[in-house]
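Listed below, chain by chain, are the residues.
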Amino acid sequence: MSGRTSPIMGRRIWLRAVLFALVPALHAQAEVVLPPAGVLISAIPEGLSGMSFPLVPEELVTGTLVSASGAQAVFPAALGAMGPRLQSEGAYYLEILGGAAAGERYDLDTAATMAAGNTTVVVAFGAATHSTGDSLDPAVAGTLAAVRRHMTLAQLSSLFSPALTGSDDPAQADGLYLYESGSFVRYSLRADGATWVRGSDPTDERHVVIPPDESVMLDLKSGPRQLVCLGQVRTTVFRKNLRPGDQSWASGFPVDLTPAQAGGFADLATPVERRWVGSGVAAQADAFTWFAPESYSFVMCFLRGDGASWRRPGRPEDQSGARLLRSDTAVLLRRAQADPAYRISPPFSP
């Protein structure tokens, strides 16, 4: 990953989450309780810094599913047609909010959902999506679910004040790095202030999704900015599919977590092929690595052989209870084993 390599002297990213009280509201002839609203305010320095986007930026509809089968889920007729709520180039997902499948997220097939012309949403599965499951369980019928808008590169610039500065020279343009297939890949904003490109490829990538279970590395070339994110706060469990190797990680919640809160321990109730793996040798253990702005470098903490304690290489202190996993930085997780059922419980009481 290219960019500045000198330390940030005297500058830190800061973040504040404001959670408002639960508010009852009428929504499409049905009374619902809205999740807490929140605002994340971050001072983003020039150069490299990390960030995740844990707030739900827009919730288009919430309701109890009438049915689910194959790739289709149906909301109550009283909620009205889904199509008018969507934009043809928009990226959306269905999140299950109740029952045994709570936390599962399924990318919407936007075109198919708009074509349905009713309260049906059509979801997509597979490696090309950000869906956490490969099928819709009919048992989700009768549970609460929501259609939410994905964060995309196109939305990113509007979160900054002043807005990001683009350039047709990627080396001069504001941008960010996404972790893809084992390495960071830079996306940069073009001079028109709307087009995003991946590396030197001229293809417009403005609709690339930044999923809620991944963090990013911001790379501001034009100077510091303030970033303000508004949205709702999840109060249900958060799902992420863990795979062997390094992967971008985010908790889905606007608070800092400890490794223990992130489920980072060898739970004997978990099948052995999905458990966290500890070791006295850092290179052989599951590990979190995060970007530390104060040292302008990545820092590692790994799971020890006892399956419970976490330590930094060369340090004896147990870090399992330290709030190392911040929502205002980039975090990578290295896993020895896959876990397609990984969940993070809300770190607060709703």
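In this text, all values refer to a predicted model and were calculated from it rather than measured experimentally. (Residues numbered from 1 in each chain as written. Predicted model: local features only at pLDDT ≥ 70, side-chain atom pairs only at ≥ 80, totals over all residues. Heavy atoms only, no water.)

## A word on the overall build of the protein chain
And then number 1: Scanning the protein chain from N- to C-terminus turns up 2 helices and 27 strands.
And then number 2: Buried residues in the protein chain amount to 49% of all 350 residues.
And then number 3: When the accessible surface of the protein chain is summed, it comes to about 14800 Å², and 54% of that surface belongs to carbon and sulfur atoms. (Helix = DSSP H or I, 4+ residues; strand = E, 2+ residues; numbered from the N terminus. Buried < 20%, exposed > 50% of the residue type's maximum accessible area, 1.4 Å probe, protein only. Areas by Shrake-Rupley, 256 points an atom, 1.4 Å probe, with all protein chains shown as cover.)

## Considering the packing of aromatic side chains
And then number 1: Applying the stated rule across the entire model yields 13 aromatic pairs.
And then number 2: Both rings, one in Phe288 and one in Trp310, keep their centres 5.4 Å apart while their planes meet at 35°; by these two values the pair is tilted. Remark: Trp310 occurs in strand β25 (residues 310-311) and Phe288 occurs in strand β23 (residues 287-292); sequence separation between them is 22 residues. Of the two residues, Phe288 and Trp310, neither departs from the other in class, the shared state being buried.
And then number 3: Just above the ring of Trp276 sits the side chain of Arg335; from NZ or CZ to the centre is 4.8 Å. (Phe/Tyr/Trp six-rings, centres within 6.5 Å; stacked < 30°, edge-to-face > 60°. Lys NZ or Arg CZ within 6 Å of the ring centre and 35° of its normal.)

## Things to note about empty space enclosed by the protein
And then number 1: Applying the stated criterion across every chain yields a total of 3 cavities of 30 Å³ or more.
And then number 2: The space that makes up the largest cavity amounts to roughly 70 Å³.
And then number 3: Lining the largest cavity, in full, are Phe53, Leu55, Val56, Pro57, Tyr93, Arg149, His150, Met151, Ile210, Pro211, Pro212 and Arg234.
And then number 4: Looking at the lining of the largest cavity, its residues break down into 9 nonpolar, 1 polar and 2 charged.
And then number 5: Looking at the second largest cavity, its volume works out to about 40 Å³.
And then number 6: Lining the second largest cavity, in full, are Ser52, Ser215, Trp249, Ala250, Ser251, Val255, Leu325, Arg326, Ser327, Thr329 and Val331.
And then number 7: Among the residues making up the lining of the second largest cavity, the classes are represented as 5 nonpolar, 5 polar and 1 charged. (1 Å grid on protein atoms, 1.4 Å probe; cavity = no way out; pocket = protein on both sides within 12 Å on 5 of 7 lines; lining within 4 Å. Points joined across faces, edges and corners; volume = space filled by probe spheres on them. Nonpolar A, V, L, I, M, F, W, Y, C, P; charged D, E, K, R; others polar.)

## Here we look at the sheet that holds β25
And then number 1: The strand order across the open sheet built from 5 strands is β22-β26-β23-β24-β25, with neighbouring strands paired in antiparallel fashion. Where the open sheet ends on each side, the last strands, each with one partner, are β22 (245-249) and β25.
And then number 2: Inspection of the sheet shows β23 paired to strand β24 (residues 297-303) by 6 bridges, in the antiparallel sense. Of the residues in β24, the one forming a bridge with Thr289 is Met300. (Pairing = 2+ DSSP bridges.)

## What about the pattern of salt bridges?
And then number 1: Under the counting rule described, the total for this entry stands at 16 salt bridges.
And then number 2: Measuring nitrogen to oxygen at the nearest pair gives 3.1 Å for the salt bridge that ties Arg234 to Glu95. Taken together, the residues span a long stretch of sequence, with Arg234 in the loop between β20 (225-232) and β21 (238-239) and Glu95 in strand β9 (residues 92-96) at a distance of 139 residues.
And then number 3: Classification of Arg234 as buried rests on a relative accessible area of 2%.
And then number 4: Residue Glu95 is classed as buried on the basis of its relative accessible area, which comes to 0%.
And then number 5: Note that Asp286 and Arg335 form a salt bridge whose closest N and O atoms lie 3.9 Å from each other. (Salt bridge = Lys/Arg side-chain N within 4 Å of Asp/Glu carboxyl O.)

## Looking at the nonpolar core
And then number 1: Phe53, Phe160, Leu176 and Ile210 are the most contacted members of the largest nonpolar core, which has 25 residues in total.
And then number 2: Of all the secondary-structure elements, those providing two or more residues to this core are β4 (37-44), α2 (153-156), β15 (175-180), β16 (183-189), β19 (216-220) and β20.
And then number 3: Ranked by size, the runner-up nonpolar core spans 21 residues in total, among them Ala68, Tyr92, Val140 and Val147. (Core = buried A, V, L, I, M, F, W, Y, C linked by side-chain atoms within 4.5 Å.)

## What to know about the sheet that holds strand β17 (residues 196-198)
And then number 1: Taken in spatial order, the 5 strands make up an open sheet running β5-β19-β15-β16-β17, and their pairing is antiparallel. Unpaired on one side and paired on the other, β5 (47-51) and β17 mark the two borders of the sheet. For this sheet the average axis-to-axis angle between neighbouring strands, irrespective of direction, equals 30°.
And then number 2: Two strands pair when backbone bridges link them, and β15 and β19 are joined in this way by 3 bridges, in the antiparallel orientation. (Axes fitted to C-alpha atoms, helices over the stretch in contact; angles between N-to-C directions.)

## Topic: the confidence of the model for the protein chain
And then number 1: Of the residues in the protein chain, 90% reach a pLDDT of 70 or more, and the chain-wide mean stands at 90.
And then number 2: A low-confidence stretch, residues 2-33 (pLDDT under 50), is modelled with 76 contacts involving residues beyond four sequence positions or located in other chains. (pLDDT = per-residue confidence, 0-100. Contact = heavy atoms within 4.5 Å.)

## What about the side chain of Glu59?
And then number 1: Examined against the element boundaries, Glu59 turns out to sit in strand β6 (residues 59-64).
And then number 2: Within polar-contact distance, the side chain of Glu59 engages the side chain of Thr62 at 2.6 Å.
And then number 3: One polar contact links Glu59 to Arg148, side chain to side chain, over a distance of 2.7 Å.
And then number 4: Sequence-distant contacts of Glu59, that is, excluding residues within four places in its chain, are made with Ala146, Val147, Arg148 and Gln232. (Polar contact = N/O pair within 3.5 Å; in protein donor to acceptor, adjacent residues only side chain to side chain.)

## Brief notes about the layout of surface pockets
And then number 1: Empty space within the largest pocket amounts to approximately 820 Å³.
And then number 2: Ala127, Thr129, His130, Ser131 and Glu214 are the residues nearest the centre of the largest pocket, which is lined by 32 residues in total.
And then number 3: Mapped by element, the contributors of at least two residues to the lining of the largest pocket are β10 (105-108), β15 and β22.
And then number 4: By residue number, the principal contributor to the lining of the largest pocket is β15, which donates 3 residues.

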